Amino acid sequence: MIFILRAVLVLGVLGAIFGAVLAVAAKIFHVEVDPREKAVREALAGANCGGCGYPGCDGYAKAVAAGEAPCNKCVAGGAETAAKVSEIMGVKSEGAEKLVAFVPCSGSLDAAELRFHYTGPEDCRAAMLFGGKSSKLCTFACIGLGNCARACKFDAMHIENGVARVDRYNCVGCGACVDACPKSIVKLIPESQRVMPACRNQDKGAQVMKICKVGCIGCMKCQRECPADAITVVNNVAQVDTSKCVQCGHCADICPRHIITLF
Amino acid sequence: MLTNILAISLGAILTNNFIFSQFLGCCPFLGCSSKVDTAAGMGLAVVFVMGLASAICWVIDTYILIPLGLAFLETLAFILVIAALVQLVEMFLKKSVPSLYSALGIYLPLITTNCAVLGVVLLNVQNNYNFIESVVYGVTGGLGFLLAIVLFASVRERIQFAEYPECFEGFPICLVSAGLVALAFMGFSGMKIF
């Protein structure tokens, strides 16, 4: 017992002495840092997600205080944080439109035809080594092994029935899933965007019919009927121009394949 | 006495170089060797930490741990000393040489976990060195590290302009050249001092 006490005491005293020395040294070698850097750091979301492109929240706060970075880069904090940071830095808020991740693929296991049954490692990259692009016949489809879900720090990405789905409520738009997706399927869209075609297959309509029950066949119906001319069919797949879209949701109603999702 | 010290120094710098023949401290060796200036700064910081750590650890070991029968706590106590020293060096550099501080970046606090530093203090105990020998071994071990990292940084600076297969780009070529420099140091290993 005494032996244990002695060991604890010796290490404790040693630690205390070193701590005291360091405390004195911290006073002697004190360096003034920009007070704004500290204030900015406290205003940030603190998730260290890297969505701003800097190494962690500390790195971004430093860059902001040095005037090297814009105030609206904190994706996890969104517009509120951008406003706070702008206030600290004394500049006008640029107002960051919140982005959310979106997976333009609806090829769930019920809808997409499989080329083969993949039983390898649970990793999209590994699966891409076999049979071209994925185990699904559609070469544009989401592989559905969840690299994006594992990259997400906010529990906003899940694999549902073989295809990645975004939980818009949890998503902060940091873009970690965008980087994690080996097929570059996931993209960021403005949160206000309510309609999006959830398909990226560029094959001709007849071919799409064969390999996927829900894929975009490029029938141009949405392009013709869109009241705002926001939809164009490029390379046999519908694309929405988010700057023109009025979010009326008409396209989602009329799409014969029900591929245009309405959030 | 003097010959003994000379033998320890030459051994630590050349024949038993911490990096090239004992393979301790490879992390900062590879991470901080892209520029000669940074490498020299890192090397000097390690010399300082190693020398001071050897001295303090020897005192703590001989006058506190061994008399109290707590020699089994050596590793723990030594890590404590090293961590405190590294913090001290970090504060000092931040104040006096901010450019070096930012150039060393994350590798500076990582000296704490540089196995060469812990290695040198544990080897001091293992070899039963006295105070002077310990300090000499610590400082010269650090000098050996400095020599190795500066040499290797100059090699890497030249590699930038060399033509090598594209697949070796980045770390592969760096590891290959580290191996070659280590091979050159093997030449010392046959040397017998006194």
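Residues numbered from 1 in each chain as written. Chains lettered and ligands numbered in written order. Predicted model: local features only at pLDDT ≥ 70, side-chain atom pairs only at ≥ 80, totals over all residues. Heavy atoms only, no water.

## Looking at the overall build of chain B
In terms of regular secondary structure, chain B is built from 8 helices and 0 strands. In chain B, the order of α-helices and β-strands from amino to carboxyl end is α-α-α-α-α-α-α-α. When burial is assessed residue by residue, chain B has 46% of its 194 residues classed as buried. Here the analysis covers contacts within chain B between residues at least 6 apart in sequence; of these, 78% occur between residues at least 24 apart. Summed over all atoms, the accessible surface of chain B reaches about 9500 Å², with 70% contributed by carbon and sulfur. (Helix = DSSP H or I, 4+ residues; strand = E, 2+ residues; numbered from the N terminus. Buried < 20%, exposed > 50% of the residue type's maximum accessible area, 1.4 Å probe, protein only. Contact = heavy atoms within 4.5 Å. Areas by Shrake-Rupley, 256 points an atom, 1.4 Å probe, with all protein chains shown as cover.)

## With respect to the packing of helix α4 (residues 74-96) of chain B against helix α6 (residues 115-126) of chain B
Any two packed helices are characterised by how steeply their axes cross, that is the angle between the axes, and by the distance between the axes. All names here are of chain B. Close contact between α4 and α6 brings their axes to 10 Å; oriented N to C, the two are set at 135°. Between α4 and α6, the angle is such that the two are oblique. Pair α4 / α6 crosses with right-handed handedness. Between α4, through E74, T75, F78, I79 and I82, and α6, the contact on the second element is made entirely by V117, L118, V121, L122 and V125. A class-by-class count of the residues in the contact of α4 with α6 yields 8 nonpolar, 1 polar and 1 charged. (Axes fitted to C-alpha atoms, helices over the stretch in contact; angles between N-to-C directions. Parallel < 35°, antiparallel > 145°, perpendicular 65-115°, else oblique. Left-handed = near helix turned anticlockwise from the far one by under 90°. Nonpolar A, V, L, I, M, F, W, Y, C, P; charged D, E, K, R; others polar.)

## Structural notes on the pairing of strand β2 (residues 157-160) of chain A
Within a regular strand, the side chains alternate between the two sheet faces. Residue and element names in this part refer to chain A. Taken together, the 4 bridges between β2 and strand β3 (residues 163-166) define a ladder with antiparallel strand orientation. Looking across to β3, one finds that M157 is bridged to V166. Linkage of β2 to β3, two consecutive antiparallel strands, is achieved through a turn of 2 residues, within which N161 is found at a positive phi near 55°. (Pairing = 2+ DSSP bridges.)

## What about the nonpolar core?
If you look at the biggest cluster of nonpolar residues, it comprises 63 residues, and the most contacted ones within it are F20, F29, M42, I111, V121 and Y137 of chain B. Residues within four places of V121 of chain B in sequence aside, it is in contact with A53, S54, C57, F78 and I82 of chain B. Grouped together as the second largest cluster of nonpolar side chains are 43 residues, F140, V163, C212 and C245 of chain A included. (Core = buried A, V, L, I, M, F, W, Y, C linked by side-chain atoms within 4.5 Å.)

## Some words on the interface of chain A and chain B
Counting residues at the interface gives 15 residues for chain A and 20 residues for chain B. Summed over both partners, the interface of chain A with chain B buries about 1600 Å², with 88% contributed by carbon and sulfur atoms. Counting every contact that joins chain A to chain B gives 0 salt bridges. Inspection of the chain A/chain B interface yields 2 residue pairs in polar contact (both at pLDDT 80 or more). (Buried area = accessible area lost by both parts, 1.4 Å probe. Salt bridge = Lys/Arg side-chain N within 4 Å of Asp/Glu carboxyl O. Polar contact = N/O pair within 3.5 Å; in protein donor to acceptor, adjacent residues only side chain to side chain.)

## Side note on helix α4 (residues 78-89) of chain A
Residues and elements named next belong to chain A. Compared with the 16 Å implied by 1.5 Å per residue over 12 residues, the 17 Å span of α4 between its first and last C-alpha is a close match. When we look at burial in α4, the residues that qualify are G78, T81, A82, V85, S86 and M89. On an axial view of α4, the arc spanned by its buried residues comes to 135°, and they lie on one face. In α4, the exposed residues that point more than 90 degrees away from the buried face are E80 and E87. Taken together, the buried residues of α4 touch α2 (35-43) and α3 (56-65). Residue G90 follows α4 closely and has a positive phi angle near 70°. (Expected span 1.5 Å × (residues − 1). Arc of directions from axis to C-beta.)

## Points about the packing of helix α3 (residues 36-65) of chain B against α6 of chain B
Residues and elements named next belong to chain B. Packing of α3 against α6 brings their axes to within 9 Å, and their N-to-C directions diverge by 40°. Accordingly, the angle class assigned to the pair α3 and α6 is oblique. Crossing angle aside, the handedness with which α3 passes α6 is right-handed. On α6, the residues touching V49, M50, A53, S54, C57 and D61 of α3 are A116, V117, V120, V121, N124 and V125.

## Looking at unusual backbone geometry
Its identity as a non-glycine residue notwithstanding, S184 of chain A has a phi of 55°, on the positive side. For S184 of chain A, the location among the structural elements is in the loop between α7 (176-180) and β4 (187-190). Phi at N128 of chain B takes a positive value of approximately 55°, unusual for a residue other than glycine. Position of N128 of chain B relative to the elements: it lies in the loop between α6 and α7 (131-159).

## Remarks on the confidence of the model for chain B
Residue and element names in this part refer to chain B. The pLDDT averaged across chain B works out to 86; a share of 97% of its residues lies at or above 70. Mean pLDDT across the elements of chain B bottoms out in helix α5 (residues 98-104) (78) and peaks in α7 (92). Across the interfaces of the predicted complex, the ipTM metric reaches 0.75, alongside a pTM of 0.56. (pLDDT = per-residue confidence, 0-100.)

## Things to note about the pattern of salt bridges
Residue and element names in this part refer to chain A. Applying the stated criterion across every chain yields a total of 1 salt bridge over all chains. D58 is the partner of R41 in a salt bridge, and the nearest nitrogen-oxygen pair spans 2.7 Å. One end of the pair, R41, is in helix α2; the other, D58, is in helix α3, and 17 residues separate them in sequence. With relative accessibility at 25%, the residue R41 sits in the partly exposed group.

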